Amino acid sequence: MHDVALQLFVILFLVAIFAGFVDSIAGGGGLIVIPAMLILGVPPLEALGTNKLQAQFGSASATIAYARRGHVDLKKQFPMAMMALLGGIFGALTASFVPPDVLRAIMPFLLIAIALYFAFKPNLSDLDSHQRVRPFVFGLTVVPLVGFYDGIFGPGAGSFYMLAFVGLAGFGMLKATAHTKLLNLGSNFGGFLVFTLSGAILWKLGLVMGLGQFLGAQMGSRLAMNNGAKIIRPLLVISCLAMATKLLLDAGAASAVGSFFVSLAGG
């Protein structure tokens, strides 16, 4: 049993490094980590709670790396991060009242739309563009809304932040990525607080995976800062399409299982 536990920790540590690397550039780390935990036998509720713990290390690591290079002003953006935190708290508190099947049905198509936007929109670069929404309004509306979604469901929250920063706030790709990581940290922490109160966190596993996330995010953020939109844009498109595919496959598998049991009951 000790060897099995050690093997579980090592595998998920390596998974967390990869997830932190991808998430620091394009998002989608949760759809790498959560299935891995479930496959290795972690109960669903504990997998969700532990994911909120370990994901914070990746978000914090990437945020620090981007801030050190001047891509995000932590003091200036702190109020926005707090709005994301509040959104995450309320989302996690209301998660049990929202039918997850509704979100699973809608999400793949939204992610595909985001992928198409970033794939085909011309002139996407690291340069800022026209600002369509004032920062104050953006912080009071878009940020807590995406944070709320992150608390309820989670997958794709980083992509929504990216879309909002580029499409509404007029940020360049690298600047949008840096700010997305800060807001991801806020909404993740909000959800984490709720899961902590419910006792649904495997602390030792989460901290080991958190170390992996930290290391992976350092590597990913450095790659993003060295290459900017050239690496962020294609990885974001790939990440959105991969998340959409995963959600569609999960929905198809669940539908097939349901049809199987219905046929058994009918027979």
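Here, the structure is the one placed above.
Cut-offs used in this document
- Residues numbered from 1 in each chain as written.
- Predicted model: local features only at pLDDT ≥ 70, side-chain atom pairs only at ≥ 80, totals over all residues.
- Heavy atoms only, no water.
- Helix = DSSP H or I, 4+ residues; strand = E, 2+ residues; numbered from the N terminus.
- Buried < 20%, exposed > 50% of the residue type's maximum accessible area, 1.4 Å probe, protein only.
- Areas by Shrake-Rupley, 256 points an atom, 1.4 Å probe, with all protein chains shown as cover.
- Polar contact = N/O pair within 3.5 Å; in protein donor to acceptor, adjacent residues only side chain to side chain.
- Contact = heavy atoms within 4.5 Å.
- Core = buried A, V, L, I, M, F, W, Y, C linked by side-chain atoms within 4.5 Å.
- Axes fitted to C-alpha atoms, helices over the stretch in contact; angles between N-to-C directions.
- Parallel < 35°, antiparallel > 145°, perpendicular 65-115°, else oblique.
- Left-handed = near helix turned anticlockwise from the far one by under 90°.
- Nonpolar A, V, L, I, M, F, W, Y, C, P; charged D, E, K, R; others polar.
- Phe/Tyr/Trp six-rings, centres within 6.5 Å; stacked < 30°, edge-to-face > 60°.
- Salt bridge = Lys/Arg side-chain N within 4 Å of Asp/Glu carboxyl O.

## Re the overall build of the protein
Along the backbone of the protein there are 11 helices and 0 strands. Reading the secondary structure of the protein in the N-to-C direction produces α-α-α-α-α-α-α-α-α-α-α. Among the 267 residues that make up the protein, the fraction classed as buried is 49%. For the protein, the computed accessible surface area is about 13000 Å², with 73% contributed by carbon and sulfur atoms.

## Observations concerning the side chain of T177
Examined against the element boundaries, T177 turns out to sit in helix α9 (residues 173–198). A polar atom in the side chain of T177 sits 2.9 Å from the backbone oxygen of M173. When residues no more than four places from it in sequence are discounted, the contact partners of T177 are S24, I25, Y66, M162 and I232.

## Things to note about the nonpolar core
Grouped together as the largest cluster of nonpolar side chains are 50 residues, with contacts concentrated most on Y66, F118, F138, F165, M173 and L183. Tallying contributions element by element places helix α11 (residues 229–266) first for this core, with 8 residues. Formed by 12 residues, the second largest nonpolar core is a distinct cluster that contains V15, A19, A36 and A47.

## What to know about the packing of helix α7 (residues 142–152) against helix α8 (residues 157–167)
Viewed as axis vectors pointing N to C, α7 and α8 meet at an angle of 165°, and their least axial separation amounts to 9 Å. Considering the angle they form, α7 stands roughly antiparallel to α8. The crossing of α7 and α8 is right-handed. In this structure, α7 uses V142, V143, V146, G147, Y149 and D150 to contact α8, whose residues at the interface are A157, F160, Y161 and A164. Across the contact of α7 with α8, the residue classes break down as 8 nonpolar, 1 polar and 1 charged.

## Some remarks on the packing of aromatic side chains
Within this structure, the stated rule accounts for 6 aromatic pairs. Arranged with centres 5.1 Å apart and planes meeting at 35°, the rings of F138 and F165 form a pair that is tilted. You can see F138 sitting in helix α6 (residues 135–140) and its partner F165 sitting in helix α8, a full 27 residues away along the chain. Since its relative accessible area comes to 3%, F138 is described here as buried.

## Considering helix α2 (residues 30–39)
All of the buried residues in α2 are L31, V33, I34, P35, A36 and M37. In the stretch just after α2, G41 is the one whose phi turns positive, near 95°.

## Remarks on the packing of helix α3 (residues 44–68) against helix α10 (residues 203–227)
Geometrically, a packed helix pair is captured by the angle between its two axes and the distance between the axes. In the contact formed by α3 and α10, the axes pass within 7 Å of each other and the chain directions differ by 30°. As far as their axial angle goes, α10 and α3 are roughly parallel. The crossing of α3 and α10 is right-handed. For the contact of α3 with α10, the per-class residue count stands at 14 nonpolar, 9 polar and no charged.

## With respect to the pattern of salt bridges
Scanning all chains against the criterion turns up 2 salt bridges. Residue D23 pairs with K181 through a salt bridge whose shortest N-O separation is 3.1 Å. Highlighted residues: D23 in helix α1 (residues 2–26) and K181 in helix α9, separated in sequence by 158 residues. For the residue pair D23 and K181, the accessibility class agrees, reading buried in each case. Its salt-bridge partner being D150, residue K52 comes within 3.4 Å of it at the nearest N-O pair. Taken together, the residues K52 in helix α3 and D150 in helix α7 connect sequence positions 98 residues apart. The buried category is assigned to K52, whose relative accessible area is 7%.

## Here's the deal with the environment of P108
Within the secondary structure, P108 sits in helix α5 (residues 100–120). Among all residues touching P108, those that are not within four sequence positions of it are A244, L247 and L248.

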